[in-house]
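Here is what each chain is made of, one letter per residue.
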Amino acid sequence: MANAPFPIQPALTAIAIAYRNVKLIADSVLPRTPVSKQEFLYIKQTLAESFTPVDTKVGRKSQPNRIDFSASQVSDATEDFALDDAVPQADIDNAPPNYDPLGRATEGITDLVLLGREQRTANLVFTLANYPAANRITLSGTGQWSDFTNSNPIADIMTGLDTVVKRPNVMVLGRAAFSKLVQHPRIVKAVLGNAGDSGIARRQDLTDLFEMDEVLVGEGWVNTAKKGQAASLARVWGKHCLLFNRDNNADTQRGVTFGYTAQFGTRVAGSQVDPNIGMRGGVIVRAGESLKELIAANDLAYFLQNVVA
């Protein structure tokens, strides 16, 4: 990348690729799949064809019935997401032993780039309008799981699992929803075998109870205040629950899965000297990636909105 306007450096790129906030779950909800160009095509399968019975009987000398499977190609493109950090030359010159100011700047902006991805993913998959009417429900009042007396989260979740034509194998919950669910008397009674009035279920208990491959909990926080105002932290993932089918072998051209993230290239980082930083100049550090988060098959999911108050 010697001819790039902003030089990309392998050392900083290695930091950007390795650095990951372990609390973020976007890569598990919408797994990354590589695309060869920023503009790409992905295949949208026709659900009905897989469930429509046809005559498979063949006469002794006749030809079998011929089936044509159809699919539409949808055009899309990845978008670039990046941030810069200005590191004064004085910080570089006065750095203590074993401290790399440019590496630390790369980590910091990479964390914010990943937080942006987390927020985009949460906003996409936790939006009611993104699902067919039969594959969504909004809980309210005594039906919300925070009402330990009247609500029935087991029935709500089982309804979702039975509604989707390809049974969901992943559950996603915001932290507030998860905390109430694992304390709910019906859940506690089901997994601990007591009266439901004591104890708490574990994440693995939910995984086993509902025969899931994975239960994901959104832990991230985001500051919703405008720049210059006092911080106002809110959870990235709201008070909702999503059940979906994830096929880790699916990509933009084959397989059927709820969703994925098209990724062009790898996460990159680099630096460039800027003489206008402070008295001695400095270095601009940049890190970013090119992505597009996609819901490829919204009928392979069931969305429960506002599961807790």
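Everything here concerns the structure above.
Keep in mind it's a predicted model, so treat the numbers as computed, not measured. Here the residue numbering is sequential within each chain, running from 1 through the sequence in written order. With the structure being a predicted model, the display of local features is reserved for residues of pLDDT at least 70 and the display and counting of side-chain atom pairs for 80 or more, all residues being used for whole-chain, interface and lining totals. As a convention, hydrogens and water are excluded, and side-chain values are obtained from all of the structure's heavy atoms.

Draft legend 1. Here's a closer look at the overall build of the protein. Runs of H or I in DSSP of at least four residues are treated as helices and runs of E of at least two as strands, each being numbered from the N terminus. A tally of helices and strands in the protein yields eight helices and 13 strands. For the protein, the spread of C-alpha atoms along the three principal axes comes to 80 × 65 × 30 Å. Categorising residues by exposure relies on relative accessible area from a 1.4 Å probe, with only protein chains included: less than 20% of the type maximum marks a residue as buried, more than 50% marks it as exposed, and the intermediate range marks it as partly exposed. When each of the 309 residues of the protein is scored for burial, the buried share is 40%. Contacts in the protein between residues at least 24 apart in sequence constitute 78% of all its contacts with a sequence separation of at least 6. For the protein, the accessible area works out to roughly 16700 Å², and carbon and sulfur atoms hold 51% of it. We call two residues in contact when some of their heavy atoms are within 4.5 Å. Note that accessible areas follow from Shrake-Rupley with a 1.4 Å probe, and for residues the cover is restricted to the protein chains shown.

Draft legend 2. Summary view of unusual backbone geometry. Its identity is not glycine, yet Asn 98 carries a phi of approximately 65°, on the positive side. Along the chain, the position of Asn 98 falls in the loop between helix H3 (89–93) and helix H4 (101–125). A positive phi angle, near 55°, is found at Asn 306, a position not held by glycine. By the element assignment, Asn 306 lies in the segment after strand S13 (301–305). A relative accessible area of 30% places Asn 306 in the partly exposed class.

Draft legend 3. Highlighting helix H5 (residues 153–163). When we look at burial in H5, the residues that qualify are Pro 153, Asp 156, Ile 157, Gly 160 and Leu 161. With its buried residues spanning 135° around the axis, H5 presents them on a single face. If you follow the buried residues of H5, they end up packed against strand S6 (170–174), helix H6 (175–181), helix H7 (185–192), strand S10 (241–244) and S13. Think of the arc as the fan of directions from the helix axis to the C-beta atoms.

Draft legend 4. Just the sheet that holds strand S1 (residues 32–35), in detail. Pairing between strands is defined by DSSP: at least two bridges between the two strands are required. Taken in spatial order, the four strands of this open sheet run S1-S11-S12-S4, and their pairing is mixed. Every other strand in the sheet has two partners, leaving S1 and strand S4 (79–88) as the edge strands with one partner each. Averaged over all adjacent pairs, the angle separating strand axes in this sheet is 35°, with direction ignored. This element, helix H1 (residues 10–18), spans strand S11 (259–274) and strand S12 (282–295) of the sheet and lies at about 140° to S11. Axes here refer to lines fitted to C-alpha atoms; in helices the fit is confined to the stretch in contact. Angles between the N-to-C directions go from 0 to 180 degrees.

Draft legend 5. Molecular detail of the sheet that holds S13. Pairing in this open sheet of five strands is mixed, and the strands run S5-S13-S10-S6-S7 from one edge to the other. The outermost strands of the open sheet, each flanked by one partner alone, are strand S5 (136–138) and strand S7 (214–218). Along the sheet, successive strands turn relative to each other by an average axial angle of 10°, direction set aside. This element, H5, spans S6, S10 and S13 of the sheet and lies at about 155° to S13.

Draft legend 6. Structural detail: the packing of H1 against H4. Taken N-terminus to C-terminus, the directions of H1 and H4 make an angle of 40°; their axes are 9 Å apart at the nearest point. Comparing the axis directions of H1 and H4 gives the class oblique. Crossing of H1 over H4 shows right-handed handedness. Note on element contacts: H4 touches H1 through Leu 102, Gly 103, Thr 106, Glu 107 and Thr 110, opposite Leu 12, Ile 15 and Ala 16. Class assignment for the residues of the contact of H1 with H4 results in four nonpolar, three polar and one charged. Oblique is the label for any angle not covered by the other classes, which are roughly parallel (under 35 degrees), roughly antiparallel (over 145) and roughly perpendicular (65 to 115). For a crossing to be left-handed, the near helix must be turned anticlockwise from the far one by less than a right angle; the clockwise case is right-handed. Note on residue categories: nonpolar means Ala, Val, Leu, Ile, Met, Phe, Trp, Tyr, Cys or Pro, charged means Asp, Glu, Lys or Arg, and polar means any other residue, Gly included.

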